[in-house]
Amino acid sequence: MIQHFTHRAILTGSVYALPRSPKEASYTCNSLAKGLYGKLFTWIVTRINEALNQENKGTKSRKVIGILDIFGFEANAHNSFEQLCINFANEKLQKYTR
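Quick caveat, the model's predicted, so the values are computed rather than measured.

Enquirer: In this structure, what is going on with the overall build of the protein chain? I would like to understand it.
Expert: Regarding its fold elements, the protein chain presents three helices and two strands. Start at the N end of the protein chain and walk to the C end: the helices and strands fall as α-β-β-α-α. The proportion of buried residues among the 98 residues of the protein chain is 12%. Nonlocal contacts in the protein chain, meaning residues at least 24 apart in sequence, comprise 21% of its contacts between residues at least 6 apart. When the accessible surface of the protein chain is summed, it comes to about 8200 Å², and 62% of that surface belongs to carbon and sulfur atoms.

Pasting the structure below:
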């Protein structure tokens, strides 16, 4: 897998592996992490909402979870997966309030 971060493949009848700069490799790795965390977060929230609504089948009521971004949390020296989830949810929610 490291090869995919440090090199890019060019297909022109043959496959050529061209090296990426350290900055490009870092960007590629970060992009993959952001995409995976985004998909994982959406999957977790969907599963929680589905579980909450199992008990309401046949009724018009619907339960969902809500997520609140706590201002200033992102100022920590070390941000965790939880902070990434909070920030991602905040970005998703902001599109409804703009």
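Enquirer: Can you walk me through the pairing of strand β2 (residues 15–19) in this structure?
Expert: Across a regular strand the side chains alternate sides, sitting on one face of the sheet and then on the other. Taken together, the five bridges between strand β1 (residues 7–11) and β2 define a ladder with antiparallel strand orientation. The residue bridging isoleucine 10 from the neighbouring strand is tyrosine 16, located in β2. Between β1 and β2, which pair antiparallel in sequence order, lie three residues; one of them, glycine 13, sits at a positive phi of approximately 90°.

Enquirer: Help me out: how do you make sense of the pattern of salt bridges in this one?
Expert: Following the criterion strictly, the structure yields one salt bridge and no others. Glutamate 50 is the partner of arginine 47 in a salt bridge, and the nearest nitrogen-oxygen pair spans 3.8 Å. Here arginine 47 and its partner glutamate 50 are both found in helix α2 (residues 22–54), three residues apart, which amounts to about one turn of the helix. When its relative accessible area of 37% is taken as the criterion, arginine 47 is described as partly exposed.

Enquirer: Explain a nonpolar patch on the surface to me, please; I cannot follow it from the model alone.
Expert: Taken together, the side chains of Tyr37, Leu40, Trp43, Ile44, Ile48, Ile65, Phe81 and Leu84 define a hydrophobic patch exposed on the protein surface, amounting to about 640 Å² of accessible area. Mapped by element, the contributors of at least two residues to the nonpolar patch are α2 and α3 (81–97). Tracing the chain through its elements places leucine 40 in helix α2. With a relative accessible area of 36%, leucine 40 lands in the partly exposed category.

Conventions adopted
Residues numbered from 1 in each chain as written. Predicted model: local features only at pLDDT ≥ 70, side-chain atom pairs only at ≥ 80, totals over all residues. Heavy atoms only, no water. Helix = DSSP H or I, 4+ residues; strand = E, 2+ residues; numbered from the N terminus. Buried < 20%, exposed > 50% of the residue type's maximum accessible area, 1.4 Å probe, protein only. Contact = heavy atoms within 4.5 Å. Areas by Shrake-Rupley, 256 points an atom, 1.4 Å probe, with all protein chains shown as cover. Pairing = 2+ DSSP bridges. Salt bridge = Lys/Arg side-chain N within 4 Å of Asp/Glu carboxyl O. Patch = residues over 30% accessible without salt bridge, like charges linked within 9 Å, V, L, I, M, F, W, Y side chains within 5 Å.

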